Amino acid sequence: MSTLLDDTKMIKNVVSAQLAKVFYPFIMIKTEDGQYWQLNLSNKERHDPLFWESMKLIMRSKIWIPVGRKYHQTLDDGWQVPRQEA
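Below: a short report on this structure. Remember, it's a predicted structure, so these values are computed and weren't measured experimentally. (Residues numbered from 1 in each chain as written. Predicted model: local features only at pLDDT ≥ 70, side-chain atom pairs only at ≥ 80, totals over all residues. Heavy atoms only, no water.)

### A closer look at the environment of glycine 68
Then, in step 1: Tracing the backbone through its elements, the reader meets glycine 68 in strand β5 (residues 65-68).
Then, in step 2: Judged by its relative accessible area of 13%, glycine 68 falls in the buried class.
Then, in step 3: Sequence-wise, glycine 68 and leucine 39 are 29 residues apart; in three dimensions their C-alpha atoms are separated by 9.6 Å.
Then, in step 4: In contact with glycine 68, not counting residues within four places along its chain, are Asn13, Trp37, Gln73 and Leu75. (Helix = DSSP H or I, 4+ residues; strand = E, 2+ residues; numbered from the N terminus. Buried < 20%, exposed > 50% of the residue type's maximum accessible area, 1.4 Å probe, protein only. Contact = heavy atoms within 4.5 Å.)

Put into structure tokens, the structure is as follows:
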């Protein structure tokens, strides 16, 4: 079971953003406060055609995605945080 990111302290390090422009090898996002950032992509993401197609679909759908404030990268688990095992 997982928890929503909004219900944790981690939310302070995350910003909601929409994809503004997707063009290989760059992705530009617009944060909820109107700033534009370039996403930092891994080599694997840069060379994955399925990743690029998914990003284009997310942009067209205008879905809000979580992006780390410090490294400007998307989060692997999206809006969910795996439950910590005791």
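### Comments concerning the pairing of strand β3 (residues 26-31)
Then, in step 1: What you see with β3 is a clean split: Ile27, Ile29 and Thr31 sit on the buried side and Phe26, Met28 and Lys30 on the side with no burial.
Then, in step 2: Direction of pairing for strand β2 (residues 14-23) relative to β3: antiparallel, over a ladder of six bridges. Residue pairing in the sheet places glutamine 18 in a bridge with lysine 30 of β3.
Then, in step 3: Linking two consecutive strands that pair antiparallel, namely β2 and β3, is a turn of two residues.
Then, in step 4: Note that β3 and strand β4 (residues 36-38) share three bridges and pair antiparallel. The residue of β4 that forms the bridge with lysine 30 is tyrosine 36.
Then, in step 5: Between β3 and β4, which follow one another and run antiparallel, lie four residues, and glycine 34 among them has a positive phi close to 90 degrees. (Pairing = 2+ DSSP bridges.)

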